[in-house]
Amino acid sequence: MPNQPTKDRFSDPTVVFRNELAKIKTTSVKRAVLWMLRKSPEEFWYAPSSYSGRYHSPDEFGIGGQVLHTKRVFYQAMVLSDAAYEEMDTTDRDILYAAALVHDTLAGSTGSGDHVSTFVEYYYDRDYTHELIVSLICQAVEQHAGRWTPEPLKLTSYTEEMEFIQTLLHYADMIATKNNSTHILKEKDYPLPKPTGKW
């Protein structure tokens, strides 16, 4: 296995993502995503989810915001995969979970704003034992930006199963990005009628 940098407890994936990693049941997928997280740029662990302040929830704009966003995407991926349980086997679900954990690890580190095009190049390592699993996780991440996916990735063809995983990841990312205080209906703004008398 290639040498990996030592992480402190704030950037140790086994600590930061302990609960999320416990949901991944396929051993090879868990090992692969751990390898990817340990290889991720150091700034991922401390960066805000949005440098411009135009996107994501305001509580993600500070230190560690990207990790908080990642946890939210993971949770939405769990909800969506649960809703689609008949369409996915355990491995497909685990690939989705792994992709949710690493989908934005290069955000802010490329300097170009495009953290998708360089994803495969950054994580590809032919000498790594679980190279095939890493490749599948990379495929799942490649289309997570939806209509904002850079060219020529939009033209890439994938298996039907992979396209489904990509779609769920994109939805999870969009929901997590928009699911903040400005998008939550509050009862005071949309009051419900109060029941009167007996039911």
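A quick note: this is a predicted structure, and the numbers were derived from the prediction, not measured.

**Focus: the overall build of the chain**
(1) Moving on: From N to C terminus, the chain includes 8 helices and 0 strands.
(2) Moving on: Ordered by position from N to C terminus, the α and β elements of the chain give α-α-α-α-α-α-α-α.
(3) Moving on: Put simply, the chain has 199 residues, and 45% of those count as buried.
(4) Moving on: Taking the contacts inside the chain whose residues are at least 6 apart along the sequence as the reference set, 65% of them involve residues at least 24 apart.
(5) Moving on: When the accessible area of the chain is evaluated, it comes to approximately 11400 Å², of which 54% is carbon and sulfur surface.

**Observations regarding the packing of helix α5 (residues 90-102) against helix α7 (residues 131-142)**
(1) Moving on: Put simply, α5 and α7 touch, their axes get as near as 9 Å, and they point 70° apart. The angle between α5 and α7 places the two elements in the roughly perpendicular class. Helix-helix and strand crossings are classified by hand; for α5 and α7 the assignment is right-handed. Taken together, the residues of α7 that come into contact with α5 (itself represented by Ile95, Ala98, Ala99 and Val102) are Ile133, Leu136, Ile137, Ala140 and Val141.
(2) Moving on: Tallied by class, the residues present in the contact of α5 with α7 amount to 9 nonpolar, no polar and no charged.

**Description of the pattern of salt bridges**
(1) Moving on: The tally for this structure, following the rule as stated, stands at 1 salt bridge.
(2) Moving on: Put simply, Glu20 and Lys71 hold a salt bridge, and the shortest N to O gap is 3.1 Å. Remark: Lys71 occurs in helix α4 (residues 65-83) and Glu20 occurs in helix α2 (residues 18-22); sequence separation between them is 51 residues.
(3) Moving on: On the basis of relative accessibility, which here comes to 9%, the residue Glu20 falls in the buried class.

**A few points about the packing of aromatic side chains**
(1) Moving on: Applying the stated criterion to the full structure yields 4 aromatic pairs.
(2) Moving on: Where Phe17 meets Trp45, the ring centres are 5.8 Å apart and the plane angle is 45°; that geometry is what we call tilted. With Phe17 in the loop between α1 (13-16) and α2 and Trp45 in the loop between α3 (27-39) and α4, this residue pair connects regions lying 28 residues apart in the sequence. The burial state of Phe17 is the same as that of Trp45; both residues are buried.
(3) Moving on: Taken together, a centroid distance of 5.0 Å and an interplanar angle of 75° make the contact between Phe44 and Trp45 edge-to-face.

**Looking at the confidence of the model for the chain**
(1) Moving on: In this model, the chain carries an average pLDDT of 79, and 72% of its residues clear a pLDDT of 70 or more.
(2) Moving on: The element-level mean pLDDT for the chain is lowest in helix α6 (residues 119-123), coming to 80, with α5 highest at 97.
(3) Moving on: Note that residues 1-7 has pLDDT below 50 and, in this model, 14 contacts with residues that lie over four places away or in other chains.

**Details of the nonpolar core**
(1) Moving on: In this structure, Phe17, Val33, Met36 and Ile137 are the most contacted members of the largest nonpolar core, which totals 44 residues.
(2) Moving on: Elements supplying a minimum of two residues to this core: α3, α4, α5, α6, α7 and α8 (160-178).
(3) Moving on: If you tally residues by element for this core, the top one is α5, at 8 residues.
(4) Moving on: Ignoring sequence-local partners within four residues, the contact set of Met36 consists of Val102, Phe119, Tyr123, Val134, Ile137 and Cys138.

**Some details on the environment of Leu37**
(1) Moving on: Locating Leu37 in the fold gives a position in helix α3.
(2) Moving on: Between the C-alpha atoms of Leu37 and Thr14, which are 23 residues apart in sequence, the distance is 9.5 Å.

**Remarks on the packing of α7 against α8**
Any two packed helices are characterised by the angle at which their axes cross and by the distance between the axes.
(1) Moving on: Axis separation between α7 and α8 bottoms out at 8 Å; the angle between their running directions is 55°. In terms of orientation, α7 and α8 fall into the oblique class. Handedness of the α7/α8 crossing: right-handed. From α7, Leu136, Gln139, Ala140 and Val141 reach across to α8, where they touch Met162, Ile165, Gln166 and Leu169.
(2) Moving on: Class assignment of the residues belonging to the contact of α7 with α8 gives a composition of 6 nonpolar, 2 polar and no charged.

What counts, and at which threshold
- Residues numbered from 1 in each chain as written.
- Predicted model: local features only at pLDDT ≥ 70, side-chain atom pairs only at ≥ 80, totals over all residues.
- Heavy atoms only, no water.
- Helix = DSSP H or I, 4+ residues; strand = E, 2+ residues; numbered from the N terminus.
- Buried < 20%, exposed > 50% of the residue type's maximum accessible area, 1.4 Å probe, protein only.
- Contact = heavy atoms within 4.5 Å.
- Areas by Shrake-Rupley, 256 points an atom, 1.4 Å probe, with all protein chains shown as cover.
- Axes fitted to C-alpha atoms, helices over the stretch in contact; angles between N-to-C directions.
- Parallel < 35°, antiparallel > 145°, perpendicular 65-115°, else oblique.
- Left-handed = near helix turned anticlockwise from the far one by under 90°.
- Nonpolar A, V, L, I, M, F, W, Y, C, P; charged D, E, K, R; others polar.
- Salt bridge = Lys/Arg side-chain N within 4 Å of Asp/Glu carboxyl O.
- Phe/Tyr/Trp six-rings, centres within 6.5 Å; stacked < 30°, edge-to-face > 60°.
- pLDDT = per-residue confidence, 0-100.
- Core = buried A, V, L, I, M, F, W, Y, C linked by side-chain atoms within 4.5 Å.

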